[in-house]
Amino acid sequence: MEKGEAEAPASHLITVTFRIRRFNPEIAEEPWWDDFTLDIDPKDRVLDALHQLKWEKDGTLTFRRSCAHGICGSDAMRINGRNRLACKTLIKDINPEKPITVEAIKGLTPLKDLVVDMDPFFQAYRDVMPFLVTTGNEPTRERHQSDEERARFDDTTKCILCAACTSSCPVFWNDGQYFGPAAIVNAHRFIFDSRDEAGEQRLEILNDRDGVWRCRTTFNCTDACPRGIEVTKAIQEVKKALITRRF
């Protein structure tokens, strides 16, 4: 529940147990589980529950969030064993009759509770040159595209860099050197952009031993994406472009 919102009528509330995987290196070397019980509206989100826990139960509980509307991607976490955005996950949709488990995403170093070190994730993103590269003088008008040219990469423009796909990848869990699905998705967005002139350069970056060939096509990334991006399809298209050099 956001501050200032009216409380739900008591008759609409249900009692839910939240089992949260805690970690604080100043207290213990190993993580532990804490159970909390809340009376909450089933139409509330997991993020509402985390706010209520932090504001009313335990102020030391640590997690990231910003926009709370599924745009910033900062509140990605594992909820009942699946990567989800806490701000988009309703209590009623995850079987509140059983304890709801909440833990940090996998494959990235935990810092405290639900917060992980995102630096390696964003470094991989930066490494694939996620920006338009052109040559020559600045244009005197917009660089026009046809509907077909735009549609070629439209799906991968939806990425919000939440890391849900990358941190659901078994290859990334076992070897953090792998670029990961999110970086490849963002490379795809520019490789297939008709206005861009650095497609070959990005393909060579992803042709590295830690690049696109590490993908094992498990579809975990596609299932985890909160924006519905066909992540595995995008990775396969990059592989095909590497083989054919046609994009």
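Along every chain, residues carry numbers that run from 1 in the direction the sequence is written. At least 70 in pLDDT is required for a residue's local features to be given in this predicted model, at least 80 for side-chain atom pairs to be given and counted, and no such filter applies to totals for whole chains, interfaces and linings, which use all residues. The basis for every side-chain value is the complete set of heavy atoms in the structure, and neither hydrogens nor water enter the calculation.

A. Expanded view of the overall build of the protein chain. Secondary structure counts use DSSP, requiring at least four H or I residues in a row for a helix and at least two E residues in a row for a strand, with both numbered from the N terminus. From N to C terminus, the protein chain includes eight helices and seven strands. For the protein chain, the spread of C-alpha atoms along the principal axes amounts to about 65 × 40 × 30 Å. Three exposure classes are used, based on accessible area relative to the maximum for each residue type with a 1.4 Å probe and protein chains only: buried under 20%, partly exposed in between, and exposed over 50%. Every one of the 247 residues in the protein chain was classed for burial, and the buried ones make up 45%. Throughout, a residue-residue contact means that at least one pair of heavy atoms, one from each residue, lies within 4.5 Å. Within the protein chain, counting contacts between residues at least 6 apart in sequence, those at least 24 apart form 63% of the total. Accessibility throughout is a Shrake-Rupley quantity obtained with a 1.4 Å probe, and a residue counts as covered only by protein chains that appear here. Of the roughly 13100 Å² of accessible surface on the protein chain, 47% is carried by carbon and sulfur atoms. Only four residue types enter the charge count, namely Lys and Arg as positive and Asp and Glu as negative; His and the chain termini do not. By convention, charge coordinates are those of NZ in Lys, CZ in Arg, CG in Asp, or CD in Glu. When the 36 positive and 40 negative side-chain charges of the protein chain are each reduced to one mean point, those points stand 3 Å apart.

B. Representation of the pairing of strand S4 (residues 82-85). As paired strands, strand S3 (residues 76-79) and S4 are joined by four bridges and run antiparallel to one another. If you follow alanine 76 over to S4, its bridge partner there is leucine 85. The criterion for strand pairing is that DSSP finds at least two bridges linking the strands in question. As consecutive antiparallel partners, S3 and S4 are separated by two residues, and within that stretch asparagine 80 has a phi angle of approximately 50 degrees, a positive value.

C. Quick peek at the pattern of salt bridges. Salt bridges are identified by distance alone: a Lys or Arg side-chain nitrogen within 4 Å of an Asp or Glu carboxyl oxygen. In total, this model carries 16 salt bridges according to the counting rule given. Between aspartate 155 and lysine 158 there is a salt bridge; the shortest N-O distance is 3.2 Å. Beyond isolated ion pairs, a larger network of salt bridges with shared partners links Arg22, Asp34, Asp58 and Asp113.

D. Spotlight on unusual backbone geometry. In this structure, asparagine 80 takes a positive phi of about 50 degrees despite not being glycine. Along the chain, asparagine 80 falls in the loop between S3 and S4. Judged by its relative accessible area of 30%, asparagine 80 falls in the partly exposed class. The residue phenylalanine 219 is not glycine, and still its phi comes out positive at about 70 degrees. Mapping phenylalanine 219 onto the fold places it in the loop between helix H6 (199-206) and helix H7 (220-224).

E. Structural context of the packing of helix H5 (residues 181-191) against helix H8 (residues 231-244). Between H5 and H8, whose axes approach to 9 Å, the crossing angle comes to 60 degrees. One finds that H5 runs oblique with respect to H8. The handedness of the crossing between H5 and H8 comes out as left-handed. On H8, the residues that touch Pro181, Ile184, Val185, His188 and Ile191 of H5 are Val231, Ala234, Ile235, Glu237 and Val238. Three classes are used, and their members are as follows: Ala, Val, Leu, Ile, Met, Phe, Trp, Tyr, Cys and Pro are nonpolar, Asp, Glu, Lys and Arg are charged, and the others, Gly among them, are polar. For the contact of H5 with H8, the class distribution of residues is eight nonpolar, one polar and one charged. All axes here are fitted lines through C-alpha atoms, helices being fitted over the stretch that makes contact, and every angle between N-to-C directions spans 0 to 180 degrees. Small angles under 35 degrees read as roughly parallel and large ones over 145 as roughly antiparallel, with 65 to 115 read as roughly perpendicular and the rest as oblique. Each crossing gets its hand from how the near helix is turned against the far one by less than a right angle, where anticlockwise is left-handed and clockwise is right-handed.

F. Region of the structure containing the packing of H5 against H6. At a minimum axis separation of 9 Å, H5 and H6 run at an interaxial angle of 160 degrees. Relative to H6, H5 is oriented roughly antiparallel. In the crossing of H5 with H6, the sense of the turn from one axis to the other is left-handed. Across the interface between the two elements, Ile184, Ala187, Phe190 and Ile191 of H5 pack against Gly199, Arg202, Leu203 and Leu206 of H6. Split by residue class, the contact of H5 with H6 holds six nonpolar, one polar and one charged.

G. Quick peek at the sheet that holds strand S5 (residues 100-103). With mixed pairing, five strands are arranged side by side in an open sheet as S2-S1-S5-S3-S4. A strand with exactly one partner marks an edge of an open sheet, and here the two such strands are strand S2 (32-40) and S4. Neighbour to neighbour, the strand axes of the sheet diverge by 35 degrees on average, direction disregarded. Helix H1 (residues 46-57) rests against strand S1 (14-22), S2, S3 and S5 of the sheet, and its axis sits at about 100 degrees to S2.

H. Geometry of the side chain of aspartate 48. On the secondary structure map, aspartate 48 appears in helix H1. A relative accessible area of 5% places aspartate 48 in the buried class. Polar contact is defined as a pair of N or O atoms within 3.5 Å, subject to the rule that within protein one atom must be able to donate a hydrogen and the other to accept it, and that residues adjacent in sequence are counted only when both atoms are side-chain atoms. Of note is the side chain of aspartate 48, whose polar atom sits 2.8 Å from the backbone nitrogen of arginine 45.

I. Up close: the environment of threonine 140. Structurally, threonine 140 is set in the loop between helix H2 (119-127) and helix H3 (147-151). Sequence separation between threonine 140 and threonine 156 is 16 residues, and the spatial gap between their C-alpha atoms is 28 Å.

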